[in-house]
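Okay, here's what each chain looks like letter by letter:
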Amino acid sequence: MTAPDERAFQTDVAKAAFRLGEREGRWRLVNITWPYALIGVTANDGREYILRFNAEGYPQSPPTAGPWDVERNTILAFESWPQSRGGRVASVFRTNWKAGSALYLPCDRESIRGHDNWVNEMPSKIWDTAKGIVLYVELVHELLNSADYVPPLLAAA
């Protein structure tokens, strides 16, 4: 029997908004092994970053996610993370935050804790059960397609 949180997540990834993002190549559902879901988000250079979501308690409890190495089944090596020209990409993809297991986003379960000010400062980025997982992947896609994004290999050069 499927748990209510897993059913809710499955319902959300079957909705038009999520499927449209898949069709447009912005993201794709890779795998679900509850309570984890792997979703690939495409950057402006065509590179795909896999995020491993822990969606336990979804949608009442926001998910938490971080870049994932599917082949090694572990957090993506920090040198392979998206880089920044000094803007928001660096503030969200923080290797010094939660050991790389969570992105520093207002819609992330781990990151919102202790940041009550974000509710007023960034209301459009706060977890919204009506928008569901699309809110999270849209924010990541926006960052990976911004002028601030730098691929990891270019940043090292």
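All values derive from a computational prediction rather than experimental measurement.

Reading the values: the criteria
- Residues numbered from 1 in each chain as written.
- Predicted model: local features only at pLDDT ≥ 70, side-chain atom pairs only at ≥ 80, totals over all residues.
- Heavy atoms only, no water.
- Salt bridge = Lys/Arg side-chain N within 4 Å of Asp/Glu carboxyl O.
- Buried < 20%, exposed > 50% of the residue type's maximum accessible area, 1.4 Å probe, protein only.
- Helix = DSSP H or I, 4+ residues; strand = E, 2+ residues; numbered from the N terminus.
- Pairing = 2+ DSSP bridges.
- Contact = heavy atoms within 4.5 Å.
- Axes fitted to C-alpha atoms, helices over the stretch in contact; angles between N-to-C directions.
- Core = buried A, V, L, I, M, F, W, Y, C linked by side-chain atoms within 4.5 Å.

**Some details on the pattern of salt bridges**
Then step 1. Inspection of the entire model under this criterion finds 7 salt bridges.
Then step 2. Between Arg47 and Asp45 there is a salt bridge whose closest N-O contact spans 3.3 Å.
Then step 3. Given a relative accessible area of 29%, Arg47 falls into the partly exposed group.
Then step 4. Of the residues examined, Asp45 reaches a relative accessible area of 36% and is grouped as partly exposed.
Then step 5. In this structure, the salt-bridge partner of Arg113 is Glu110, at a minimum N-O distance of 3.1 Å.
Then step 6. Sharing partners across several salt bridges, the network here consists of Lys98, Glu110 and Arg113.

**As for unusual backbone geometry**
Then step 1. The omega torsion across Trp34 and Pro35 is 10°, close enough to zero to call that bond cis.
Then step 2. Here the residue pair Tyr58 and Pro59 is connected by a cis peptide bond, since its omega of 0° sits within 30 degrees of zero.
Then step 3. The residue Pro59 is located in the loop between strand 3 (48-54) and strand 4 (64-69) in this model.
Then step 4. Located in the positive-phi region is Asn73, a residue other than glycine, with phi close to 55°.
Then step 5. Among the residues examined, Asn73 registers a relative accessible area of 56% and is labelled exposed.
Then step 6. At Lys98, a residue that is not glycine, the phi angle is positive and equals roughly 55°.
Then step 7. Locating Lys98 in the fold gives a position in the loop between helix 3 (88-92) and helix 4 (109-112).

**Topic: the sheet that holds strand 2 (residues 36-42)**
Then step 1. Pairing is antiparallel in the open sheet, where 5 strands are placed in the order 1-2-3-4-5. Of all strands in the sheet, those bounded by a partner on one side alone are strand 1 (27-33) and strand 5 (74-75).
Then step 2. Strand direction decides the pairing type here: strand 3 and strand 4, joined by 4 bridges, are antiparallel. Pairing of Asn54 across the sheet is with Thr64, part of strand 4.
Then step 3. In this fold helix 2 (residues 16-23) packs onto strand 1 and strand 2, with an angle of close to 120° to the strand it touches most, strand 1.
Then step 4. Along the sheet face, helix 6 (residues 133-144) touches strand 1, strand 2, strand 3 and strand 4 and points at about 35° away from the line of strand 2.

**Quick notes on the nonpolar core**
Then step 1. Among the nonpolar cores identified, the biggest contains 34 residues, and Phe9, Ile39, Phe53, Phe93, Ile133, Tyr136 and Val140 are the most heavily contacted of them.
Then step 2. For this core, the elements supplying multiple residues, two or more each, are helix 1 (4-14), strand 1, strand 2, strand 3, helix 3 and helix 6.
Then step 3. Look past the residues within four positions of Ile39 in its chain and what remains in contact with it is Phe9, Phe18, Trp27, Arg28, Leu29, Val30, Tyr49, Ile50, Leu51, Phe53, Ile133 and Val137.

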